[in-house]
Every structure is written in structure tokens, then in C-alpha cells.
Amino acid sequence: MEILLAKTAGFCFGVDRAVKLTYRLVEEGRKVATLGPLIHNPQCVADLAAKGVVTVDTPAQVPDGYEVVIRSHGVGADVYAQLAAMGAKVHDATCPFVTKIHRIAKQASDEGATLLIAGDRTHPEVQGIAGHTAGDVFIFANLEELKAWNGPASEQNALFVVAQTTFQVTKWLECSEFLKKAYTNARVFDTICNATWARQQEAEGLSQKCDLMVVIGGHHSSNTQKLAKVAAQHTRAVTVETADELEPEWFRGVSTVGVTAGASTPSSIIEEVLNKMSEEIRDDMSFEEMIEASMKPVYVGKIVKGTVTSVQPNEIQVDIGTKHTGIVRLSELTDDPSAKAEDLVKVGDELDLVVEKVNDQEGVDYLSKKKLESRKGLEEVAKACEEGTVMEGTVSEANKGGVVVLVKGVKVFVPRSQATMRRDEDYTQLVKKDVKLVITECAGRKIVGSINKVTAEENAAKREAFWKDVEVGKTYTGVVKSLTSYGAFVDIGGVDGLCHISELSWNRIKHPSEVVSVGDTIEVYVRDLDRETQKVSLGYKKAEDNPWEKLKNEYPIGSTFTAPVVSITKFGAFVRILPGVDGLVHISEISNERVEKVSDVLKVGDEVNVKLLDVDFDKKRISLSMKALLQDAE
């Protein structure tokens, strides 16, 4: 078997610079803290920790007397400000390529432009870039999320577009082409670093010559995972952090193996992997013998059955039939942060688990129930994608691009445009709600779904039933879907009807939000409908609440009462009889004496005694008198 090693494998310039800087500081006897793991390589981070380097998440966690190293990913402007306020000594190892993007982000902020970032929104580099602009930011991971974006707040806004330095090259080219056509005012900056371009191109070329690609790097390393994706487009690809993760069965029937490594992989680990591979394939016979001899009873990824032997608050121990102790952390048992282990399992329970990590030195195997369920769920999701089956899930989070739905333990991304039926509908209201959806794409870890395709089908059936029996005057219980300046749109069963602002209240209101809110469940009735255009006009205010009907029933002509003055005019004062009903006290009916100016006698807010003289219900006019009461008293 032939082994082909990529020329670009190993540390990139930025990572190499950061690692050498940190080791030099340690050798000089400095106390060092890094903001986040220095690189995405657990072995290197562990070695630094053994030498006294502390890893912190925020500036506030930096111990007194420690100097701070900013890793190659970079940080936001607020972090620099916090460090300066603390008076901390800072060693900035931000990659020059990343620093360049920070300057672009600040320029976007200074010019009032919207900043678009192609990358992983959870990656520290992307979070740091976003932290250098005070304007609008949109982060997208692929062309689908970019197309689902609603665009800038204003069409006049300029667009600045950058990419995470390790973003997949082919995806970036697709997104760049789309942006240049869709937004003529977009300024697209090619910010993927040269090393990433070269590394991905070489991985693609190498993978086309090989039966298997081994990608070495941290399992949480973004550029390592992208290399694996690029290679997997052409051949079988596996990722390992260390030589211990190599599985002999991977190499059966393989004649050519390609090897590459992420930008955070030390050369020592690459050498260890190559040595182990070379030892195992020295000749065909010994390789077969070594496979049999080196087969471990337990290995990472193996599915095992375990019996619960102990239950602790944060973890459980299980017997998996080996000398090792099996441990399942609470976070690998359930997604519910409020759950307790003792509420989920008890001693003696049998669980299906998958091996996450094997620690031979400590005699411990770390296992996961959650990941096994996710693996099984992934198979169901993939099958549902092929067959178009409707699935159920719970919306776990919302972001600028859309929502994430947990389906059978699998995270499914639903773009904003596929989450709700109306563009102006608040899709974030779906969080923590159970939804039905179809899986539209399932390629590796990229799983995309649509909620509104299911909703549209359900609504079509509801609409058909609605138009069969709808009639004017019929009452429905509906949900307020959106508000406009002229009324509220209410879903009354697959059909959105308009309740005009004048039909929401008997009082005069400036906006529908004074009466109802999006999501409210209200009772409405059909005022009018057009079957040809399928438009429905709804009413919300009830006839029995009509203040003019109350006036007719409760205030006969000649009634006297006390009421407040609500407005003053040249010809008299308006007095509030009921909410929505005002009567006029003409200037001649204010006093027995001649009144030259109404405001000399009355002001808004005065409580006055009046007598009801006359009501014109057709013209909605009411005549009141203060003078009549004075005459009655005389």
C-alpha cells in the first residue's frame, strides 16, 4: 500500500507563530493565560497546560499577574477594551490574515454598511470579526442560508462581504457569484488565507488519486473538518486526532492512502500517524496478522450494551463487559439541562451506548447515549429525506438565518424562508414549540428541512374545508398572525382574514397593537367574503359593546350626569359620556350669562354637570347643556 503525504500538511503560518510565541513566554518563566484554547489541538493544549499555561474564556477569568496571549483566531474590539481596562499585559498573536478582516469590518461600521460573514457562526474567528463592527451583521454558512437572507435593512445600505479564513473554497466561490449578481452594491473581499486555498486544493487533487484519505487534526478544528469534506467528495475520508485512533480495518483492500492535516496539527503528531501506518503495512501477511492482534475489545465509535452500576448527580457508571469502567456524563445522557441522572436511570438498567473515548492509562471508557440516539436518528432522517416522510421535532433555537429543529436527536436547520408562511411573521416564536417538517437535504452533517411545506399542505386541506361551509356572520376562533397600520391578519383555519382597524374597537385607535398582539387567540366573525378572490373581512368588536347602543339604553333624553371635558373649540366644549361617545355643550348652553370665549370658563379635565338635550343617532351627534341645569335649579 502506498502512502501519499500532502506537502501543505501541518501548522499554517498564523498557528505556528502563536504556538512559538506561547512556548517562548513559558521558557522565559512568564505566567501565561490564553483566551480560549490556543489552537484546536487537544494534545498541544494539554502540553501547554502541563507547563503552567492557563486557558480562560473571558478577560475577567485571567488570574492576577498573568500575561494574556490572544490566539490566532483573534477577538472582538470589546475584548481588547476589557483587557486594556484591566491593565493586562497582552501578546497579540492574531493571524495577519484575520487582522486584515478586522480592519474591513471596522471600515464597514464606519461607512454604515451591512457586514456579511461567510463562516461558522460558533467559530471564535467569526465571533471576533463580528465584534469589530457596530453595524448590521449577517453570518451565513452556505449558499442556501445566503439566499434565504432578507437583505439589508435599507436598499441604500452598502454591503461588505468577507469570509472566515478557513471557509471552504468551493462554497465561497458559489456565494461570491450569487452576491455579485443579486447585490450590485456588494463589495466582496477574498479573505480566505492562501494556506487554506492551497491546502484544500491539494486535498481535493490528492483524494482523486487515493482509495482512502486520512485527515489528521482536532475533531473541533474547523479547517480540519473542511479538509475532510473536500476529500469526501471524491473518496472515503476519515479524521483522527492521534495515531491511537487509527483503525486497521480502514486499510483493508486499500492500495493508495492520502494523508493531509489541519492547520492546527503539530508535525510530531503527523509523524506518529505516518509511522504507525507504515509499521502496520510493512507486508501483507504481517498486516493481516497485526489486524487480528491489535483488534481492541472496545474502540471509539463501537456500539456497546451497558448495565448501570452507579448513579451520581453528574454522571453514571456502567458495566460494558470489560476491565474498564464505563462512564456516561449527564450531558451525554440527555439534552435537558434541568434533568437529573437519578430521574433518568437506576442501577440495573441496560442502555445502548456508543464509545466516545478510550483511556487505557486510567482504565476508563467514556460513553454516550445521546450520540448513539443521534446516529440512529440520522438514519431515520436520511430515510425520511429520500421518501419525503413528514417528521416531528422541537425547535431548539433561532438565529438570523432560521431555526434549528431537534428531530430524533438530530439537528435540522430550517432556513428562515422555510420556517413560516409569511415573510413578516416572527419565526423566533417557534422556539420550544413542536413542529412538523420534511427533510429537503441530507448530505453528511448538512441537514436542511422545511416547516412551511408541511404547513402549506395542511393549510390547503383546511382552506378547502373552510370555503365549503363559510358564511357571513359565522364565528371563528383565530390566531393573530401579523399586524399592519390598517388592521390585523388573523388565521381562522388555513385562511388569513383581515380585521380592519375600524373593526377592532369601538374607540378610535391609532394602531391595531393597542387592541391585539401577534400570537393572540381571539374570537372573530365573518363580515364579508369574496369567493372569487378568496378574501375574507373579519369583525372583532361586538355589537353589544357598541357605546351608542349603551347610550340609547342607559341615557334617555333629559338625563343628567357628571362628565369630563375632553376638548375645547370656539363654538363649545366636548364632554366624554362613554368611551367612544362625546357630546357637545354649545357655547350658548354653558351659562346663563353670555360667554365670549369657552376657554375662559372651561378647560380640559373639568368635571361638569350636564343635561342630555338631544341625540341624532344617524349622524352620531349629541347635544348637552350646562345652562339647563342652572335654570332647573332656579
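Just so we're clear, the structure is a prediction, and the values are computed from it rather than from any experiment. By convention here, each chain's residues receive numbers from 1 onward along its written sequence. Totals for whole chains, interfaces and linings use every residue, but because this is a predicted model, local features are given only for residues with pLDDT of at least 70 and side-chain atom pairs only at 80 or more, for both listing and counting. Computation of side-chain values: all heavy atoms of the structure, hydrogens and water removed.

### Observations regarding the overall build of the protein
Piece 1. Put simply, DSSP H or I for four residues or longer makes a helix, DSSP E for two residues or longer makes a strand, and each gets a number counted from the N terminus. Per the secondary structure count, the protein includes 18 helices and 32 strands.
Piece 2. Two things to know: the radius of gyration comes from C-alpha atoms, and the globule rule equals 2.2 Å times the number of residues to the power 0.38. In terms of C-alpha radius of gyration, the protein reaches 35 Å, well past the compact-globule figure of 26 Å for 634 residues.
Piece 3. C-alpha extents for the protein along the principal axes are approximately 125 × 60 × 55 Å.
Piece 4. Between buried and exposed lies partly exposed: a residue is buried under 20% and exposed over 50% of the maximum accessible area for its type, with that area taken using a 1.4 Å probe on protein chains only. Taking all 634 residues of the protein together, 45% fall into the buried category.
Piece 5. When the accessible surface of the protein is split by element, carbon and sulfur atoms take 48% of a total near 32600 Å². Method for areas: the Shrake-Rupley scheme with a 1.4 Å probe, in which residue coverage is limited to the protein chains shown.

### Let's talk about the packing of helix H8 (residues 194-207) against helix H9 (residues 222-232)
Piece 1. At a closest axis distance of 8 Å, the pairing of H8 and H9 adopts a crossing angle of 35 degrees. For the pair H8 and H9, the crossing hand works out as right-handed. Mapping the contact onto sequence places Arg199, Gln200, Ala203, Glu204 and Ser207 in H8 and Lys226, Leu227, Val230 and Ala231 in H9.
Piece 2. Grouping the constituent residues of the contact of H8 with H9 by class yields four nonpolar, two polar and three charged. Note on geometry: axes are C-alpha line fits, over the in-contact stretch for helices, and angles between N-to-C directions span 0 to 180 degrees. Definitions for this section: a left-handed crossing has its near helix turned counterclockwise from the far helix by less than a right angle. A right-handed crossing has that turn clockwise. Contacts were defined at the residue level, with two residues in contact if any of their heavy atoms lie within 4.5 Å. Throughout this entry, Asp, Glu, Lys and Arg are counted as charged residues, while Ala, Val, Leu, Ile, Met, Phe, Trp, Tyr, Cys and Pro are counted as nonpolar. The remaining residues, Gly among them, count as polar.

### A closer look at the sheet that holds strand S7 (residues 137-140)
Piece 1. Should DSSP find at least two bridges between two strands, the strands are taken to pair. Reading across the sheet, the four strands line up as S7-S6-S8-S9 and stay open at both edges, with parallel pairing between neighbours. Each edge of the open sheet carries a strand with a single partner, namely S7 and strand S9 (186-188). Strand after strand, the sheet turns through a mean of 20 degrees between neighbouring axes, direction not considered.
Piece 2. Sheet topology note: the strand S6 (residues 114-118)/S7 ladder contains four bridges and is parallel. Counterpart to Leu115 in the pairing with S7 is Val137.

### Details of the nonpolar core
Piece 1. Among buried residues, those of type Ala, Val, Leu, Ile, Met, Phe, Trp, Tyr and Cys that are joined through side-chain atoms within 4.5 Å constitute a nonpolar core. The biggest cluster of nonpolar side chains holds 23 residues, and the ones touching the most others in it are Leu551, Ile590, Ile622 and Leu624.
Piece 2. Mapped onto this core, the elements with two or more residues apiece are helix H16 (547-554), strand S28 (560-569), strand S29 (572-578), strand S30 (581-586), strand S31 (607-616) and strand S32 (621-625).
Piece 3. Ranked by size, the runner-up nonpolar core spans 19 residues in total, among them Val470, Tyr476, Ile492 and Val536.

### Re the pairing of strand S22 (residues 446-450)
Within a regular strand, the side chains alternate between the two sheet faces.
Piece 1. Of all five residues in S22, four are buried; the element is thus mostly enclosed.
Piece 2. Here strand S21 (residues 434-443) pairs with S22 via five bridges, running antiparallel. Considered in S22, the bridge of Ala443 is made with Lys446.

### Details of a negative patch on the surface
Piece 1. A cluster of like negative charges, contributed by Asp244, Glu271, Glu272 and Asp360, occupies part of the molecular surface.
Piece 2. Along the chain, Glu272 falls in helix H10 (residues 267-280).
Piece 3. Accessibility expressed as a relative area gives 44% for Glu272, which makes it partly exposed. Patch membership is restricted to residues that have no salt bridge and whose relative accessible area is over 30%. Joining uses 9 Å for like charges and 5 Å for the nonpolar side chains Val, Leu, Ile, Met, Phe, Trp and Tyr. We define a salt bridge as a side-chain nitrogen of Lys or Arg found within 4 Å of a carboxyl oxygen belonging to Asp or Glu. For this count, His and the chain ends are skipped, Lys and Arg are scored as positive, and Asp and Glu as negative. Every charge is mapped onto a representative atom, which is NZ of Lys, CZ of Arg, CG of Asp or CD of Glu.

### Topic: the layout of surface pockets
Piece 1. Of the volumes computed, that of the second largest pocket is approximately 890 Å³.
Piece 2. Contributing to the lining of the second largest pocket are 31 residues, with Met421, Glu425, Thr455, Lys481 and Asp491 lying nearest its centre.
Piece 3. Elements with a minimum of two residues in the lining of the second largest pocket: S21, helix H15 (452-469) and strand S23 (475-484).
Piece 4. Element by element, the count of residues in the lining of the second largest pocket is highest for H15, at seven residues.
Piece 5. Tallied by class, the residues present in the lining of the second largest pocket amount to eleven nonpolar, eight polar and twelve charged. As defined here, a cavity is a set of points on a 1 Å grid over the protein atoms alone where a 1.4 Å probe fits but cannot get out. A pocket is an open set with protein on both sides within 12 Å along at least five of seven lines, and residues line them when an atom is within 4 Å of a point. Grid points are joined across faces, edges and corners, and a volume is the space filled by probe spheres set on the points.

### Comments concerning the pairing of strand S8 (residues 159-163)
Piece 1. By the criterion of burial, S8 is predominantly enclosed, with five of the five residues buried.
Piece 2. Side chains Leu159, Val161 and Ala163 of S8 all project onto a buried face; the interleaved residues Phe160 and Val162 project onto the opposite face, where all are buried too.
Piece 3. When S6 meets S8, the two strands line up parallel, connected through five bridges. Directly across from Leu115, in S8, lies its bridge partner Phe160.

### Some thoughts on the sheet that holds strand S10 (residues 212-216)
Piece 1. In spatial order, the strands read S1-S12-S10-S11; together these four strands make up an open sheet with parallel pairing. Edge positions in the sheet fall to strand S1 (2-5) and strand S11 (236-240), since each has one partner strand and no second. On average, each strand axis in the sheet is inclined to that of its neighbour by 25 degrees, with strand direction left out of account.
Piece 2. In the sheet, S10 pairs with strand S12 (residues 256-261) via five bridges, with the strands oriented parallel. Bridging from a neighbouring strand, Val214 pairs with Val259 of S12.

### So, the environment of Val254
Piece 1. Counting through the fold element by element, Val254 comes out in the loop between S11 and S12.
Piece 2. According to the relative accessible area criterion, Val254 is buried, its value standing at 11%.
Piece 3. For Val254 and Ala88, which are 166 residues apart along the polypeptide, the C-alpha to C-alpha distance reads 54 Å.
Piece 4. Setting aside chain neighbours within four positions, we find Val254 in contact with Met1, Asp211, Leu212 and Arg236.

### Looking at the packing of aromatic side chains
Piece 1. Two rings from Phe, Tyr or Trp (for Trp, the six-membered ring) form a pair when their centres sit within 6.5 Å of each other. Planes less than 30 degrees apart are called stacked, planes more than 60 degrees apart edge-to-face, and all others tilted. Enumeration according to the criterion identifies ten aromatic pairs in this entry.
Piece 2. Consider the rings of Tyr555 and Phe561, whose centres lie 5.2 Å apart with planes at 80 degrees: the pair is edge-to-face.
Piece 3. Three or more aromatic residues joined by ring pairs make a cluster, and in this case those are Phe138, Phe140, Trp149 and Tyr183.
Piece 4. We call a charge positioned above a ring when the Lys NZ or Arg CZ atom is no farther than 6 Å from the ring centre and deviates by at most 35 degrees from the ring normal. The residue whose ring lies beneath Lys552 is Phe617, and the NZ or CZ to ring-centre distance is 5.0 Å.
Piece 5. Lys620 extends its terminal NZ or CZ atom over the ring of Trp548, reaching a point 5.5 Å from the ring centre.

### What to know about helix H2 (residues 42-50)
Piece 1. Three or more residues of H2 are buried, namely Cys44, Val45 and Leu48. For H2, the angular spread of the buried residues around the axis is 100 degrees, confining them to a single face.
Piece 2. The elements touched by buried residues of H2 are helix H1 (13-27) and strand S3 (54-56). Working note: the arc is built from the helix axis to C-beta atom directions.

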